[in-house]
Amino acid sequence: MKYLSEYRDADIAKSLIARIKARATRRWTLMEVCGGQTHTIVRQGLDELLEGAVEMIHGPGCPVCVTPLEQIDKALAIAARPEVIFTSFGDMLRVPGSDCDLQQVRARGGAVRVVYSPLDALALAQQHLDKEVVFFAVGFETTAPANAMAVWRARDLGVKNFSVLVSHVTVPPAITAILESSDNRVQGFLAAGHVCAVMGWEEYEPIATKHRVPIIVTGFEPVDILEGIWMAVDQLEAGRHEVMNQYVRSVRRQGTPPARALVAQVFELADRQWRGIGEIPMSGLRLREEFAEYDAERKFGVGGLKVTEPADCRAGDVLTGRIKPPQCAAFGTICTPERPLGAPMVSTEGACSAYYNLAKYRATDAAEATS
Ligand code: SF4
């Protein structure tokens, strides 16, 4: 299969691992900023195969994981209202809020539905004019264009019973925050190919120059990731700090201009809380004032909620690469995919679920964590 099987080829992967190990004169620390990449790295054991040459740190690239508890609680409050049909991608249903999750709201009679696109939610609003249909708009730059499109079309069609609960975050400010933290160890980044397919990589260039880190736009298959690591290690060994594109089959420097333009028309930059990390200035998107009638937060008056994170969950340390999931004492003991304490154990892109789904971590590290 062109563009897929060759990126899963074991012989190509082995030769890349050999090249990286031969080039590395010391152990370099790299961060992948995408939960999908984290799952490939952990599932394929790439981190173990590169032992001694590269340490992979898993970054805050899971959109479900970084959605703040306050936004989850707002979603729960809105979803519990009798006049509301609350729609979301499936991953969000089991993310714990302060008291319960969206699945429990549904079990108690709330109209919570999984949709595959915000445009499906808009169609629901057109079919149920007696209800308020709300879509939970979470994610990075990748999902922002479709959410912007849904709001734009709602206004175009004059649909009044549709709104979005926005919790969008953007990647470059998070990379900057990690680099500027006092205990930063990251020397290079693999930037997520799908984010760059929308936004391009121009925003990364001043970050790479200022902080002297290579940033490699990288795809999601094992060979993509090993090529990205090779490009980063080669730069570090040569003392270079540039943005390079490994994912040439999908990403151009300017991204997708029509999608960027639509996002800029509907959303504006704003300070945003990241779950487990805290507020990062100008790291989020909110609806522009002219689209205020589509803002679920305003429509349902759910601002100003007070929330308390579970004390045992170290999601912030996991999401910033300070610890690996098995180093959390709750991992595999009081926190499992069946009874998650934090979002990284729920989401299909979460680092904790990536580790948990490997039996060796369930059997050994969880036992060590509690001994
Ligand atoms: S294992 Fe569970 S409790 Fe620990 S950081 Fe991950 S989600 Fe939080």
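Use the structure listed above.
To keep things clear, this report deals only with the structure shown in the data block. Quick caveat: nothing in here was measured; it's all calculated off a predicted structure.

**Focus on the packing of helix α1 (residues 10-23) against helix α12 (residues 222-238)**
- With their axes 10 Å apart at the nearest point, α1 and α12 run at an angle of 15 degrees to one another. Classified by the angle their axes make, α1 and α12 are roughly parallel. Like other packed secondary-structure pairs, α1 and α12 cross with a definite hand, here left-handed. Of the residues in α12, those in contact with Ile-12, Ala-13, Leu-16, Ile-17, Arg-19, Ile-20 and Arg-23 of α1 are Val-223, Leu-226, Glu-227, Ile-229, Trp-230, Val-233, Asp-234, Glu-237 and Ala-238.
- The class makeup of the residues in the contact of α1 with α12 is eleven nonpolar, no polar and five charged.

**Some remarks on the environment of Arg-298**
- As for its placement among the helices and strands, Arg-298 is situated in helix α14 (residues 296-300).
- Residue Arg-298 is classed as partly exposed on the basis of its relative accessible area of 48%.
- Here the alpha-carbon distance between Arg-298 and Leu-165, two residues 133 residues apart in the chain, equals 9.2 Å.

**Describing the sheet that holds strand β1 (residues 28-32)**
- Taken together, five strands build an open sheet; the order of strands is β2-β1-β7-β8-β9 and the sheet is parallel. In this open sheet, the two strands that pair with only one neighbour each are β2 (54-58) and β9 (243-245). Neighbour-to-neighbour, the strand axes of this sheet turn through a mean angle of 25 degrees, independent of strand direction.
- Alignment of strand β8 (residues 215-218) against β9, held across three bridges, turns out to be parallel. Its bridge partner being in β9, Ile-216 is matched across the sheet by Met-244.

**Thoughts on the environment of Pro-173**
- By secondary structure assignment, the location of Pro-173 is in helix α9 (residues 171-180).
- Through-space distance from the C-alpha of Pro-173 to that of Met-199 is 14 Å; in sequence the pair is 26 residues apart.
- Among all residues touching Pro-173, those that are not within four sequence positions of it are Ile-280, Pro-281, Met-282 and Ser-283.

**Concerning the packing of aromatic side chains**
- Across all of its chains, the model carries six aromatic pairs by this definition.
- Centroid distance Phe-140 to Trp-274: 6.1 Å. Interplanar angle 50 degrees. Geometry classified as tilted. Remark: Trp-274 occurs in strand β10 (residues 267-274) and Phe-140 occurs in the loop between β5 (132-139) and α8 (144-157); sequence separation between them is 134 residues.
- Judged by its relative accessible area of 2%, Trp-274 falls in the buried class.
- Measuring from centroid to centroid gives 6.0 Å for Trp-152 and Phe-291, while their planes differ by 40 degrees, and the two rings are tilted. One end of the pair, Trp-152, is in helix α8; the other, Phe-291, is in the loop between β11 (278-287) and α14, with 139 residues separating them in the sequence.
- A relative accessible area of 25% places Trp-152 in the partly exposed class.
- Above the plane of the ring of Trp-28 lies Arg-26, whose end atom (NZ or CZ) is 4.2 Å from the centre.
- Cation over ring: Arg-155 sits above Trp-152, and NZ or CZ is 5.1 Å from the ring centre.

**Let's talk about the nonpolar core**
- Residues Ile-78, Phe-86, Phe-189, Tyr-204 and Ile-215 are the most contacted members of the largest nonpolar core, which totals 59 residues.
- Beyond its immediate sequence surroundings of up to four residues, Ile-78 is in contact with Val-84, Phe-86, Val-134, Leu-165, Ala-296, Phe-300 and Val-302.
- Judged by nonpolar contacts, the second largest core, of 26 residues, contains Leu-124, Phe-135, Val-159 and Phe-162.

**With respect to the pairing of strand β3 (residues 84-88)**
- Burial runs high along β3: five of the five residues are buried.
- Of the two faces of β3, the one lined by Val-84, Phe-86 and Ser-88 and the one lined by Ile-85 and Thr-87 are each fully buried.
- Of the strand pairs in this sheet, β3 and β5 are connected by four bridges, and their pairing is parallel. For Val-84, the partnering residue across the bridge sits in β5 and is Glu-132.
- Note: β3 against strand β4 (residues 111-114), four bridges, orientation parallel. Counterpart to Ile-85 in the pairing with β4 is Ala-111.

About the cut-offs
- Residues numbered from 1 in each chain as written.
- Predicted model: local features only at pLDDT ≥ 70, side-chain atom pairs only at ≥ 80, totals over all residues.
- Heavy atoms only, no water.
- Axes fitted to C-alpha atoms, helices over the stretch in contact; angles between N-to-C directions.
- Helix = DSSP H or I, 4+ residues; strand = E, 2+ residues; numbered from the N terminus.
- Parallel < 35°, antiparallel > 145°, perpendicular 65-115°, else oblique.
- Left-handed = near helix turned anticlockwise from the far one by under 90°.
- Contact = heavy atoms within 4.5 Å.
- Nonpolar A, V, L, I, M, F, W, Y, C, P; charged D, E, K, R; others polar.
- Buried < 20%, exposed > 50% of the residue type's maximum accessible area, 1.4 Å probe, protein only.
- Pairing = 2+ DSSP bridges.
- Phe/Tyr/Trp six-rings, centres within 6.5 Å; stacked < 30°, edge-to-face > 60°.
- Lys NZ or Arg CZ within 6 Å of the ring centre and 35° of its normal.
- Core = buried A, V, L, I, M, F, W, Y, C linked by side-chain atoms within 4.5 Å.

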